[in-house]
Every structure is written in structure tokens, then in C-alpha cells.
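Okay, here's what each chain looks like letter by letter:
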Amino acid sequence: MAAAVRTTCAYCGVGCGIRATVTGPRAVTIAGDPEHPANFGRLCSKGTHLGETVGLEGRLLSPMIGEQPAGWDEALNLVAGKMRDCIAQHGPDSVAFYVSGQLLTEDYYAANKLLKGFVGTANIDTNSRLCMASAVAAHNRTFGEDVVPCSYSDLEEADLVLLVGSNTAWCHPVIWQGIEKARETRGTKIVVIDPRRTETAEQADLHVQVAPDGDVALFNALLREMQRRGLAGEAAWDGLDCDPGVAADAFARLADMVAAHPRMVTLFSMGANQSVGGTDKGNAIVNLHLATGRISTPGAGPFSMTGQPNAMGGREVGGLANTLACHLGFSDAERADVASFWQTDRLCGGPGLKAVDLFRAVHDGRVKFLWVMATNPAVSMPDAGFVREALARCETLVVSDVIADTDTARLAHVRLPALAWGEKDGTVTNSERRISRQRALFTAPGEARADWAIVADVAQRLGHGDAFAWHNAAAVFREYAAMTGLAPRHGKVLDLTALADVSDAEYEALDPVQWGGRHPLAGRAGAKLVPVAPTVRTVDPAFPLRLNTGRYRDQWHTMTRTGLSPRLSQHRREPLLEIHPRDAAQAGLVDGGLGRVFTPHGAATFRVAVSEGQRRGEIFVPMHWTDAMAGEGRSNRLVAPNVDPVSGQPAFKNGAARVEPVLPDWRAFLICEDAPAPQGLLWWTRSRVEGGWLSELAGEGMVDVDALLPEGRRLEVADAGRGMRRIVVLGEDNAVRAALYVTRSGQLPARDWIAGQLGLGGAAPQELLAARPATPAPDRGPIVCVCHGVGTKAILAAAGAGACSVAAVGAATAAGTNCGSCRPAIARLLADIVQPATEVAA
Ligand SMILES: Nc1nc2c(c(=O)[nH]1)N[C@H]1C(S)=C(S)[C@@H](COP(=O)(O)OP(=O)(O)OC[C@H]3O[C@@H](n4cnc5c(=O)[nH]c(N)nc54)[C@H](O)[C@@H]3O)O[C@H]1N2
Ligand SMILES: Nc1nc2c(c(=O)[nH]1)N[C@H]1C(S)=C(S)[C@@H](COP(=O)(O)OP(=O)(O)OC[C@H]3O[C@@H](n4cnc5c(=O)[nH]c(N)nc54)[C@H](O)[C@@H]3O)O[C@H]1N2
Ligand code: SF4
Ligand SMILES: [Mo]
């Protein structure tokens, strides 16, 4: 067997080290790297199942001009030609790039250098605008630089961890496991500040169910309270004396915990950043730490978690439209240094357009050439309907992606095939400023190429060949590392010059390395409190509910990769509308039925999940589903393009909405080998199963069976009274190709066993018509542990037999013993039977 390759996970900003062993042409086994300081061997469900997403299904393998495959030369000539014409006719600002925290640092550096340095416009922004921009702005306001002042090891040494707007157990699971370990070993207390009772909140010592965007009031009030107790300096400003906005007993408990534990880390994420007051929230958190001296000491600090694998690397190279490069801004002195380093006389003059404004400029024709790399804005931008219109109007839209058919790629004039995880080679920086290598495991499939190399080839065609003449990723990295030497000249901490001379071999072997050390701001003066005040919201009576959006544990963003994994798809197969029981009753929604959400920007349909975990008046839907994966279930049809005035980050978490029931004439589900794309239904969604797809469907009038089913021999049973039909389609080998279950008034059978019958012959067709196996297998109930395929029934049985802890359930059933992502779900099942729900302070 081949030796294991050390690389880094493709997904979140924890940046876990992986040991990958290639076992076949496109096959790999994945294990956590026990020596990587981000994870010491741990991995979550997404990292664990990376091997299921390295196949070539759906990949873009050749450049495409429209629907025609093209050679690289032809495609790049076209891209460069369009860019050149656009610049000549309309000026540099008519050209823009929209890039991503899923690019490697080398890719990011190349794109930024081309646009800002040689095209001469700063119209390059990144999806980190949707993600980290508020934290960046808060850091800049307080520290004068975008620096995260602490490290993962501070979580191990903290006595109190505040999680603000972070569903850590789902979104940064390995960090969560680290926090749990600190709880075990040193009794660390955990407080979750989130309007929803998430799985993270359920595991906390205290859940403060803050109102949407109530964070500034809460942190200001906490700061005031610490001043009263003599634990914080004497700063004062209008708005500091505010009502904490949460129940008095919850506030008192929180204040007591904060007062008692100077070793405190506040970890914050999208519930803080994605808000019209996102920058203020970041500063309110940092203020509390500064005023109480809880920063740059062991076990203490405000810790903004990055989302994407290289969100931090992108911030370092300067991929945001309002930074120039390497933490530098646009002052004359900074511009002069950058121009001289890049040896260019075309450097851009000032900041460019931030994402929401950038797409406005595409929409109204100011930007005529747009190149999108490694992001899917047709799904992930707020008011995505408008963004789609903008993309469709754009004179030239170029999309670099690994997948052929994304919602954004569908609108592209030119598609360029990029190397994916497992093929690409370079560096990423994680939340704690640690740079790790991603290494290639496979040779490039088809014509796919590295993103940096594609950019360099276009630069060369634009006449800038000398400045982009890198022969490998190491050469790009060396240039970038050398350039960071400009930052200290302007008083910045960022400095990677120690890596500027790494040889190709040293780069190849590079161990994870953290810049700035554990506490990069230790001993630096100048950080100051930033006065912030709570925002006031107006309520529109036509849209009385607050709409919150976010993530599921086992899906990644727009599902282009995790959506292909049968195991990851088991956790949540459909996008759910979570709503408080009384709001549901009031609107006529029932659990398991369908509900439509309306906002001033659009509408979308979801299956209803009535949940006590929602506060009254607030609903939650996931961000993941696209037009490729669902008929009506895209959350960004709904979200308004409101942004934080300082950072430009969209407010994805707190919009205005109302709901209505959807009452279809019929409901159905379909298992099928090929991905269906049904037309004219009220609602549909699909998810991956072994050998095919499982789709949920609902419609009006009659079911158009022929449109849904593939060719083949059909077996059918029907019960006209209940409007029930079951149809099985067999291939020439008599194996099951598809099965459809329709009802007009009754129940549909359980999906799990049925979904496992695709491709089977023998007794399977008859059993499928009966909707149950001739010899019933034990019903596992909903799957909890996707690694070991353990369902709720086995876990409850183990609990009934005396297993009363997560560890004991693991010993009895193996559930939760591999990646551990499901341990919070197991704990919740146990809590439901052993004791009443966790104490919740509302
Ligand atoms: N499984 C999974 N993990 C991921 C990702 C993924 O797609 N899937 N994406 C990665 C990326 S890019 C990111 S940015 C991170 C995001 O990680 P998180 O920020 O943890 O994820 P979200 O679910 O977007 O939002 C977190 C929580 O904010 C809460 N919230 C909403 N409004 C408020 C508010 O006003 N105040 C407070 N205090 N809380 C509020 C929401 O209820 C939600 O539970 O996850 C990363 N990890
Ligand atoms: N409603 C709502 N919307 C949100 C959010 C929310 O909480 N709620 N969160 C926002 C946040 S924090 C984020 S980070 C964004 C994420 O949103 P996106 O960035 O749009 O999401 P992804 O699905 O990760 O898109 C990445 C794309 O890059 C492709 N890709 C993967 N690797 C490579 C590569 O190496 N090279 C190239 N060229 N392509 C590659 C993938 O196939 C995919 O099409 O969504 C934002 N949108
Ligand atoms: S926590 Fe999970 S998704 Fe994030 S880097 Fe680690 S293994 Fe990957
Ligand atoms: Mo993100």
C-alpha cells in the first residue's frame, strides 16, 4: 500500500491535518493526522468522509465555451481577449473578479496581483465578504490590523468559553471536541449565546437565548456589570448603559460566570458577523476582553472562527476589495511599496466594490467582465434572484470551478476546469493563523489545472508574463512570503519573510507553521475600546417573523461536493423550516407538512419541522440547497441584500418573513439511478443514496408518472380510494432502476430500506411493491451515527439496557466512536429519556 500523504481537510477553517492513503485510481482512505496541531488526529464527519467525494461524478474536465468543449489555448485567448477589450473600451473598473476562501493562498495571491497590480482595479472581492468581513473590520478598528489574538491552545487553558452565534458542534466540530475535552479535564464552563437551541446549546452549561441581533446590548451590559464589580476599566459612552435584553436570571448567571473566570475565550462566528451590526458585535466582544484584560494571556481572548479552509489566507494576501495586499491599505506610502514590489505602474488607485455592490455594478452594466472562482454566488449571495439576473446580463461571465453544472456555472460563457481537493497543491491558513500544506493525491483529471496557473496564463496573454512567470506553486508562495515583508514597515504583525527562501523541497515537506505565535498582539500597545450601541429594528407588520439561516452538520455550503456522499446525506435529507409549535399552529403549519416562506424579496418552500428549539416569532432554514438539488428550497431567494455599513457583510441571519401552509394534491417519493430534475411541481428535493438518488416530491392535479420514471419494464400496484400508487421500474437485467410511491391522502412508507434496493434483482421488485422486505430487517430508526450506520432505535435500546452516557452508548453500539460528530445528538437522545430538557434561560 502507498505511504500516507499528509494534507489538510478540504472544508472548514479549523484546518485539520489528514493522512490520506491512496488505494486506487480515484480512491483514498482518510485518517486524522495525529501530529497536526489543529486536530491531533481528530476529524469530523465531513473530513472523515472526504473519500466519498473524490470520484469524478459531475466534474468539469475540459474548458467549455458555451456548451462546446474547447482547448485551453482557445479558452484562455477568449478570456484574455474579452478582458483586454473591456479594459480598452470601458476602463479597468469594468472588469471584476469574485473569488473565494476555498482557493489556496497561491491562487488567491495570483488573482489579487493580476487585478489590483496589473489590470489596475480593486474590483476583486471574495465570498469572505459574506463570512468574515465584520470580524476583519472589528479587528482593524481595535487593533489597527486584522489579527486574531489567540490560538486553539487557549481553548484548552480556558475556564470559560463563550460561544456567540456559533453552532460549533456542527460547524467547527473538532474545535468543539477540543472544548469538550477541556470541560472533562479542567472543568471548563461553556456558555452558548444563540437565539436557537442548537445541538451546541443543548450541551452547554448555560444557553442564553438572546434575541436576534441582541448581542451588542448583551455585551455592553456585561461590560458595565464588570465595571460595577471592579473587574473592568472605567470607559463610558452612550449606549453602554443598556438593558441586556435577556431575562434577569439568565443575565445574572452569565455575569457571575464571567466575573468568576478570568481565563475566558469568546469564540464568535456567523451569528455575530452576518448582521447589519456585525462589526459592532465584534467590537462589543473585543471591548469586554480588552476592558477586563482578558487578551494575549493564556486561556483568554476574543476568537473569531474562520469558516472556509483558506478564509484566513485570503485575508492575508488581501483578497478583499478594501485591502490592497498583505494587510496593507491604500495610503500613498502603502501603494508605493506595493507598486515597487510588484514592479508595476498600473496599481489600482483605491478600494474596489464589495460583493453586494459588485453584483449591483454587474447588474447595471458598470462591470462588464466578471470572473468567478471557487464560489457559487447564484446560490450563496443574498437576494440571489437579483444576482442571477446580474450574472445573466453580464457581457462576459467566466467561471472556474471543479463541478460542471453549478447554479452559477449554468450562466457562464466560459467555464474553466480547476483542480479539486486531492489534486491541488499549495497552502491554506486556518483560524489560528497556522499555514498548512494541501498536497496532491491524484494526477489531474481531464484537462483540469491549478487556479493560480490559469490566472498566470491569462496574465501572460495580457502582456504581463514576466510578473507571472512562476513555474510551480512553491514559486508563488515564495513571492508572497517575501511580499509580507512590506507589512511590518507599516506597523503590521503579519510577516512570513522567514519562509521567503524555502526551496522547492522544503516547501514540499513544509510542516504546519503559525505566524505571529500564540499571542501575536502580546506586548503591543495601542488597542482601544470602540464605543458601540445596540441597533434598533423596525418591524413590518406584513412580515412579522424573523428569518434566520445557517448550516447543517454534514453538508457544506451549496452541496456541490458533500451532496454527492450517501453517508453525509443521511443526517438531513431535506431542507427543513424550523418553527416554534405555537407559531406553526397559528399559521396552520403541521410537522412533516409543507410550508412556504415569504419575504419582501421572494418565496421558498420547505418541509415543516415544528421545534421547541426555536424562539417564538423566529424561523430557521438551511443555506445549502440549490436549484440542482431542490425545486423551491433555496434560502437566498428570501434574504434581503442588507449589509453592515462598516464591513459590507450581508445580514443573513435576521430578515423579515411570514409563512403559509402548502397543501399539495399528492405527495410522493422516488428512488432512481439518475438524478431527476422534475418540472412543474409544487416542491421537490433530492439527496444521494447508494447507487442513485432519493427524491421527495409534491404537486397539484395528476402525477405525471412518465416524466418522473426512466425507461424499463414497470410493475405497479394501486389503491384508487387512497390515491396510492407504487411503481417499480426494472432494467433489462431485471434489477431495480427506479421506484415511485405516491399518495393523495395517506402515509408514505419509510425511506431507508427502500432506498437500499436500487440496482438489486431477485425478490427486491416484489418486496418494493409491498414496500417492505419479505423477512423484515430490524428498523434502525433515523440514522444518528453515519460512520457506523447506527439508528435511534439501537441507541435507545442500549440506553434502556443501562448505557446512560455517550461513552457507554458508544461501547454498546459503536455509535459516536469514530468521528464523534454525532455525540451531541446521542447526548440529546439520552437527555430526552433520562432528564427533562437542559435548563434554558430565555
Ligand atoms: N457542517 C458545516 N460546517 C461548516 C460549513 C458548512 O457549510 N457546513 N461552513 C463553514 C463556514 S464557511 C462558516 S462561515 C462556518 C459558520 O459556522 P457557524 O457560524 O457556527 O454557522 P451558522 O449555522 O451559519 O450560524 C451559527 C449560529 O448563529 C446563530 N445566530 C443567528 N442570529 C444570531 C444573533 O443575532 N446572535 C447570536 N448570538 N447568534 C445568532 C444561528 O442561530 C446559528 O445557530 O461554518 C464552517 N463549517
Ligand atoms: N442564507 C445564507 N447564505 C449564506 C450564508 C448563510 O449563513 N446563510 N453563509 C455565507 C458564507 S459564510 C459563505 S462562506 C458562503 C459560501 O458560499 P459559496 O462559496 O458559494 O459555497 P460553496 O458551495 O462552498 O462554493 C464553492 C464552489 O467552488 C467550487 N470549488 C471547490 N474547490 C474548488 C477549487 O479548488 N477551485 C475552484 N475553481 N472551484 C472550486 C465548488 O464546486 C463550488 O461550486 O455562503 C454565504 N451564504
Ligand atoms: S472540523 Fe471537520 S470539516 Fe473542519 S477541518 Fe476538521 S475535519 Fe475538516
Ligand atoms: Mo463562511
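Given the structure is predicted, the values throughout are model-derived calculations rather than measurements.

## Looking at the sheet that holds strand β30 (residues 736-743)
Thought 1: The six strands lie next to each other as β26-β27-β25-β30-β29-β28, forming an open sheet whose pairing is antiparallel. Either end of the sheet is taken by a strand with one partner, and the two such strands are β26 (683-689) and β28 (713-719). Ignoring strand direction, the axes of neighbouring strands in this sheet form an average angle of 10 degrees.
Thought 2: Inspection of the sheet shows strand β25 (residues 666-672) paired to β30 by six bridges, in the antiparallel sense. Following the sheet pairing, Arg667 is matched in β30 by Thr743.

## Some details on the site of ligand 3
Thought 1: Near ligand 3, the surroundings consist of Cys9, Tyr11, Cys12, Val14, Gly15, Cys16, Leu43, Cys44, Lys46, Gly47, Pro173 and Val174.
Thought 2: When contributions to the shell around ligand 3 are tallied by element, the ones reaching two or more residues are α1 (45-48) and α7 (173-186).
Thought 3: When grouped by side-chain class, the residues that make up the shell around ligand 3 number nine nonpolar, two polar and one charged.

## As for the site of ligand 1
Thought 1: Around ligand 1 sit 35 residues in total, of which Asp194, Asp213, Ser269, Arg551 and Gln555 are the nearest.
Thought 2: In the model, a nitrogen atom of ligand 1 is placed 2.7 Å from a nitrogen or oxygen of the Asp215 side chain.
Thought 3: In isolation ligand 1 exposes 910 Å². Once the protein is present, 99% of that is buried.
Thought 4: The set of elements that each furnish at least two residues to the shell around ligand 1 consists of α6 (168-171), α11 (270-273) and β19 (545-550).

## What about the environment of Asp364?
Thought 1: Position of Asp364 relative to the elements: it lies in the loop between α15 (355-363) and β13 (369-373).
Thought 2: The sequence separation of Asp364 and Cys394 amounts to 30 residues, and the corresponding C-alpha distance is 9.1 Å.
Thought 3: A polar side-chain atom of Asp364 sits 2.9 Å from a polar atom in the side chain of Arg366.

Rules of the game
- Residues numbered from 1 in each chain as written.
- Chains lettered and ligands numbered in written order.
- Predicted model: local features only at pLDDT ≥ 70, side-chain atom pairs only at ≥ 80, totals over all residues.
- Heavy atoms only, no water.
- Pairing = 2+ DSSP bridges.
- Helix = DSSP H or I, 4+ residues; strand = E, 2+ residues; numbered from the N terminus.
- Axes fitted to C-alpha atoms, helices over the stretch in contact; angles between N-to-C directions.
- Near = heavy atom within 4 Å.
- Nonpolar A, V, L, I, M, F, W, Y, C, P; charged D, E, K, R; others polar.
- Polar contact = N/O pair within 3.5 Å; in protein donor to acceptor, adjacent residues only side chain to side chain.
- Areas by Shrake-Rupley, 256 points an atom, 1.4 Å probe, with all protein chains shown as cover.

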